[in-house]
Amino acid sequence: MKLYYRVNPEGFRSFMNKIRDNYGMHEEIDEARTVLKLDDEDKIERVIGTFDPDAGESQVRVILVDESLKEFFDSVLGKPYKIK
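Conventions adopted
For every chain, the first residue of the written sequence is number 1, and numbering continues from 1 onward in sequence order. A pLDDT threshold of at least 70 governs which residues receive local features in this predicted model, and a stricter bar of 80 or more applies before side-chain atom pairs are shown or counted, although totals over entire chains, interfaces and linings include all residues. Side-chain measures here rest on the full set of heavy atoms in the structure, leaving out hydrogens and waters. Here a strand is any run of E in DSSP of at least two residues, a helix any run of H or I of at least four, and the numbering for each starts at the N terminus. Radius of gyration: C-alpha atoms only; globule rule: 2.2 Å multiplied by the number of residues to the exponent 0.38. Partly exposed describes any residue whose relative accessible area lies between the buried limit of under 20% and the exposed limit of over 50%, with all areas from a 1.4 Å probe on protein chains only and scaled to the type maximum. When checking whether two residues touch, look at their non-hydrogen atoms; a contact exists if any pair is within 4.5 Å. Note on areas: these come from Shrake-Rupley sampling with a 1.4 Å probe, and a residue is covered only by the protein chains present in the view. Positive: Lys, Arg. Negative: Asp, Glu. His and the chain ends are not part of the count. A charged residue contributes its charge at one atom only: NZ of Lys, CZ of Arg, CG of Asp or CD of Glu. Here a strand pair is declared whenever DSSP counts at least two bridges between the two strands. One side-chain nitrogen of Lys or Arg within 4 Å of one carboxyl oxygen of Asp or Glu is enough to make a salt bridge. In this analysis, axes come from line fits to C-alpha atoms, helices being fitted only over the stretch in contact, and the angle between any two N-to-C directions falls in the range 0 to 180 degrees.

Chemist: Please explain the overall build of the chain as it appears in this structure.
Modeler: The helix and strand inventory of the chain stands at 2 helices and 6 strands. Scanning the chain from its N terminus toward the C terminus, one meets helices and strands in the order β-α-β-β-β-β-α-β. Over its C-alpha trace the chain gives a radius of gyration of 12 Å, about what one expects of a compact globule, namely 12 Å for 84 residues. Considering only C-alpha atoms, the chain reaches an extent of 35 × 25 × 20 Å along its principal axes. Taken over 84 residues, the chain has a buried fraction of 33%. Residue pairs in contact within the chain that sit at least 24 positions apart in sequence constitute 49% of those at least 6 positions apart. Total accessible area on the chain stands at roughly 5200 Å², and carbon and sulfur atoms take up 43% of it. The chain carries 14 positive and 18 negative side-chain charges, and their two centres are separated by 5 Å.

Chemist: Would you explain the pairing of strand β2 (residues 26-29) in this entry?
Modeler: Side-chain positions along a regular strand alternate between the two faces of the sheet. Pairing analysis gives 4 bridges linking β2 to strand β3 (residues 33-37), with the strands arranged antiparallel. When the sheet's bridge partners are listed, H26 is paired in β3 with K37.

Chemist: I would appreciate a short explanation of the pattern of salt bridges in the present structure.
Modeler: A side chain of one charge can pair with a side chain of the opposite charge when the charged atoms of the two come close. Taken as a whole and judged by the stated rule, the model has 5 salt bridges. The salt bridge involving R13 is made with E27; its shortest N-O contact spans 2.3 Å. With R13 in helix α1 (residues 12-23) and E27 in strand β2, this pair connects stretches of sequence that are 14 residues apart. R13 sits in the partly exposed class, given a relative accessible area of 32%. Between K70 and D74 there is a salt bridge, and its shortest N-O distance comes to 2.4 Å. Placement of both K70 and D74 in helix α2 (residues 70-77) is noted, with a separation of 4 residues, approximately one turn of the helix. Assessed through its relative accessible area of 21%, K70 is described here as partly exposed. Residue classification places D74 among the partly exposed residues on the basis of a relative accessible area of 22%. If you follow the salt bridges from partner to partner, you end up with R13, R20, D21 and E27 in one network.

Chemist: Teacher, can you tell me more about the sheet that holds strand β4 (residues 44-52) here?
Modeler: Backbone hydrogen bonds hold the strands of a sheet together, and the pairing may be parallel or antiparallel. On the basis of which strands lie adjacent, the open sheet formed by 6 strands has the order β2-β3-β4-β5-β1-β6 and antiparallel pairing. Every other strand in the sheet has two partners, leaving β2 and β6 (82-83) as the edge strands with one partner each. Looking at chain direction, strand β1 (residues 2-7) and β6 are connected through 2 bridges and run antiparallel. For Y4, the partnering residue across the bridge sits in β6 and is K82. Docked against the sheet, α1 engages β1, β2, β3, β4 and β5 (57-64), running at close to 165° with respect to β4. Relative to the sheet, α2 contacts β1, β4, β5 and β6, its axis offset from that of β1 by approximately 10°.

Below, the structure written as structure tokens:
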């Protein structure tokens, strides 16, 4: 299941930190995005956040294996604008 969220740019870093800390994920940051991964992809394949300060826009894509985790991500990031 893929979940797509638009998030407040001012809260982007705190949202990503909360997800990372809650699941003990590894974080990779490059210029355009932040990627969170687990060693074992049984529950979460990855979380990808993009932050564009010039456009004032942030998006987070969550790829879940365990769909029961959707509730946690909705509580942190809000309602997804798209689900695949």
